Amino acid sequence: MQRPLLNEQFLYVQNATSGTVDGFRIGRNGSLTKVTTLTGLPPFAESGMEGIVAV
């Protein structure tokens with residue numbers, strides 16, 4: 001994955017049932033381009049992924 005530029009914006013989507021997080025770059029016109037998928041997180045069951053924080 002390329003390093004983001006300072007003026008780029010990103011959207012992260014939690015897929016709790018599959019234990020993944022997808023990352024999208026937000027284009028100037030609002031379009032989304034998928035740039036990454038983080039895998040290996042515990043799928044949501046009775047405990048697991050229940051929220052997401054991005055800094």
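First, a word on what this report is: a plain description of the structure on this page. The shown structure was predicted, so the numbers you read here are calculated from the model rather than taken from an experiment.

## Overview of the pairing of strand E2 (residues 20–26)
- The buried count for E2 comes to five of seven residues, which makes it a mostly enclosed element.
- For strand E1 (residues 9–15) and E2, the ladder comprises seven bridges, and the chain directions are antiparallel. Within the sheet, the bridge partner assigned to Leu-11 lies in E2 and is Phe-24.
- Of the strand pairs in this sheet, E2 and strand E3 (residues 32–38) are connected by six bridges, and their pairing is antiparallel. Bridge assignment links Asp-22 to a residue of E3, and that residue is Thr-37.
- The turn joining E2 and E3, which pair antiparallel and follow one another in sequence, is formed by five residues; a positive phi near 90 degrees is taken by Gly-30.

## Notes on a nonpolar patch on the surface
- A cluster of nonpolar side chains, namely Leu-11, Val-13 and Leu-32, defines an oily patch on the protein surface of about 220 Å² accessible area.
- For Leu-32, the position within the fold is in strand E3.

## Some points on the sheet that holds E3
- Strand order across the open sheet formed by three strands is E1-E2-E3, with antiparallel pairing between neighbours. Strands with a single pairing partner mark the edges of an open sheet, and in this sheet they are E1 and E3. Between one strand and the next, the sheet's axes are offset by a mean angle of 25 degrees, whatever the strand orientation.

## So, the side chain of Thr-20
- Within the secondary structure, Thr-20 is located in strand E2.
- Assessed through its relative accessible area of 13%, Thr-20 is described here as buried.
- Reaching out from Thr-20, the side chain makes a polar contact with the side chain of Ser-18 at a distance of 3.1 Å.

The rules we used
Residues numbered from 1 in each chain as written. Predicted model: local features only at pLDDT ≥ 70, side-chain atom pairs only at ≥ 80, totals over all residues. Heavy atoms only, no water. Buried < 20%, exposed > 50% of the residue type's maximum accessible area, 1.4 Å probe, protein only. Helix = DSSP H or I, 4+ residues; strand = E, 2+ residues; numbered from the N terminus. Pairing = 2+ DSSP bridges. Patch = residues over 30% accessible without salt bridge, like charges linked within 9 Å, V, L, I, M, F, W, Y side chains within 5 Å. Areas by Shrake-Rupley, 256 points an atom, 1.4 Å probe, with all protein chains shown as cover. Salt bridge = Lys/Arg side-chain N within 4 Å of Asp/Glu carboxyl O. Axes fitted to C-alpha atoms, helices over the stretch in contact; angles between N-to-C directions. Polar contact = N/O pair within 3.5 Å; in protein donor to acceptor, adjacent residues only side chain to side chain.

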